[in-house]
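Residues per chain are reported as follows:
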Amino acid sequence: QQQVRQSSQSLTVWEGETAILNCSYENSAFDYFPWYQQFPGEGPALLIAIRSVSDKKEDGRFTIFFNKREKNLSLHIKDSQPGDSATYFCAASAPSGSWQLIFGSGTQLTVMP
Amino acid sequence: EAAVTQSPRNKVTVTGGNVTLSCRQTNSHNYMYWYRQDTGHGLRLIHYSYGAGNLQIGDVPDGYKATRTTQEDFFLLLELASPSQTSLYFCASREDRGNERLFFGHGTKLSVL
């Protein structure tokens with residue numbers, strides 16, 4: 001049973017379009033939601049994160065939209081570039097003494113030039 | 001930028017073999033994690049530690065042991081490797097509670113024949 005679910009295993013967009021990656025979760029106690037970006041041959045790296053008290057977090061071309069009631073969130077990549085082609089992982093954690101980050105299965109984004 | 005170094009980068013062993021994956025971080029982070037990454041499953045937590053001599057069990061610990069010898073070094077041990085353990089393994093570190101950013105190594109690709 002996946003606690004964090006990414007609905008699309010892959011997504012292809014054209015350069016300049018907005019890529020939208022979706023994520024949903026089950027545990028109402030989750031309060032921290034990062035997105036990690038991974039290029040081939042490298043480890044994941046933190047891209048942007050949001051806390052459940054907010055409904056939007058923006059950082060340059062990257063924006064997270066968060067819906068606490070529906071238990072879902074999405075990562076929007078505006079003006080997509082070929083260099084954005086990577087695998088994106090949605091993750092979540094709950095405040096706990098034994099803190100753990102639970103990852104989704106990832107969405108492989110391809111931006112076509 | 002935090003540095004996490006994993007070795008080896010690639011490893012091939014046979015069923016029943018003994019394998020040790022190494023991870024070193026030089027950023028004085030307290031927390032260290034071992035994940036495995038598989039298509040369709042994302043990153044799954046095997047073991048983690050919040051200091052030298054400490055070990056905590058993750059979500060998929062069966063068949064794995066771990067040891068944290070110093071604050072810098074965290075090892076993952078497969079004493080009787082099986083083909084189901086063929087995977088991409090990532091080590092990560094995190095500074096402390098209140099700072100939820102994970103820093104990942106480049107990964108170790110393990111093949112068990």
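What you are looking at is a predicted structure, and each value in this text was computed from that prediction instead of being measured. (Residues numbered from 1 in each chain as written. Chains lettered and ligands numbered in written order. Predicted model: local features only at pLDDT ≥ 70, side-chain atom pairs only at ≥ 80, totals over all residues. Heavy atoms only, no water.)

Colleague: Go over the pattern of salt bridges with me, naming the residues and quoting the values.
Modeller: Residue and element names in this part refer to chain A. Scanning all chains against the criterion turns up nine salt bridges over all chains. For the salt bridge of E26 with R5, the shortest nitrogen-to-oxygen distance reads 3.5 Å. One end of the pair, E26, is in the loop between β3 (19-25) and β4 (32-38); the other, R5, is in strand β1 (residues 4-5), with 21 residues separating them in the sequence. When its relative accessible area of 42% is taken as the criterion, R5 is described as partly exposed. Where R69 meets E70, a salt bridge forms, and the shortest distance between an N and an O atom there is 3.2 Å. The class for E70 is partly exposed, based on a relative accessible area of 41%. (Salt bridge = Lys/Arg side-chain N within 4 Å of Asp/Glu carboxyl O. Helix = DSSP H or I, 4+ residues; strand = E, 2+ residues; numbered from the N terminus. Buried < 20%, exposed > 50% of the residue type's maximum accessible area, 1.4 Å probe, protein only.)

Colleague: Provide a residue-level description of the interface of chain B and chain A, including the pertinent values.
Modeller: Taken residue by residue, the interface counts 22 residues in chain B and 22 residues in chain A. Contact between chain B and chain A buries roughly 1800 Å² in total, counting both sides, with carbon and sulfur atoms accounting for 52%. Looking only at chain B, the three residues that lose the most surface to chain A are B:L43, B:E100 and B:F104, adding up to 30% of its buried area. One salt bridge connects B:E100 with A:R51, and the closest N-O pair in it is separated by 2.3 Å. Counting every contact that joins chain B to chain A gives five residue pairs in polar contact (both at pLDDT 80 or more). Of all the secondary structure elements, the ones that give two or more residues to the side of chain B that touches chain A are β4 (31-38), β5 (42-49) and β9 (87-94) of chain B. A total of four residues in the side of chain B that touches chain A trace back to one element, the largest contributor, which is β5(B). (Contact = heavy atoms within 4.5 Å. Buried area = accessible area lost by both parts, 1.4 Å probe. Polar contact = N/O pair within 3.5 Å; in protein donor to acceptor, adjacent residues only side chain to side chain.)

Colleague: Requested: an account of the environment of A:R61, with residues and values cited.
Modeller: All names here are of chain A. Relative to the assigned elements, R61 resides in the loop between β6 (56-59) and β7 (62-67). For R61, a relative accessible area of 27% puts it in the partly exposed group. When the C-alpha positions of R61 and K78 are compared, they lie 5.0 Å apart, and in sequence the two are 17 residues distant. Every residue in contact with R61, bar those within four places of it in the chain, is listed here: H76, I77, K78, D79, S80, Q81 and D84.

Colleague: Explain the state of the cysteines to me, using residue names and the numbers behind them.
Modeller: Taken as a whole and judged by the stated rule, the model has two disulfides over all chains. A disulfide bridge connects A:C23 with A:C90, and the sulfur atoms are separated by 2.0 Å. Because the sign of the S-S torsion sets the handedness, a value of about -75° for the bond joining A:C23 and A:C90 places this disulfide among the left-handed ones. In this pair, A:C23 sits in strand β3 while A:C90 sits in strand β9 (residues 86-92), placing the two residues 67 residues apart along the sequence. On the basis of relative accessibility, which here comes to 1%, the residue A:C90 falls in the buried class. Here B:C23 engages in a disulfide with B:C91; their sulfurs sit 1.9 Å apart. Judged by the torsion about the S-S bond (-75°), the B:C23/B:C91 disulfide is left-handed. In this pair, B:C23 sits in strand β3 (residues 19-25) while B:C91 sits in strand β9, placing the two residues 68 residues apart along the sequence. Its relative accessible area of 0% is what places B:C91 among the buried residues. (Disulfide = S-S within 2.5 Å.)

Colleague: If you had to explain the packing of aromatic side chains to someone new, which residues and values would you point to?
Modeller: Aromatic ring pairs are described here by two measures, namely the spacing of the ring centres and the angle between the planes. What the rule picks out here adds up to 17 aromatic pairs over all chains. Both rings, one in A:F89 and one in A:F103, keep their centres 6.3 Å apart while their planes meet at 90°; by these two values the pair is edge-to-face. Pair noted here: A:F89 is in strand β9 and A:F103 is in strand β10 (residues 102-103), with a separation of 14 residues, a long-range link. With a relative accessible area of 1%, A:F89 lands in the buried category. Accessibility expressed as a relative area gives 5% for A:F103, which makes it buried. Here the aromatic residues A:Y36, A:F89, A:F103, B:Y33, B:Y35, B:Y48, B:F90 and B:F104 are joined through ring pairs into a cluster of three or more. Above the plane of the ring of B:Y31 lies B:R94, whose end atom (NZ or CZ) is 4.2 Å from the centre. (Phe/Tyr/Trp six-rings, centres within 6.5 Å; stacked < 30°, edge-to-face > 60°. Lys NZ or Arg CZ within 6 Å of the ring centre and 35° of its normal.)

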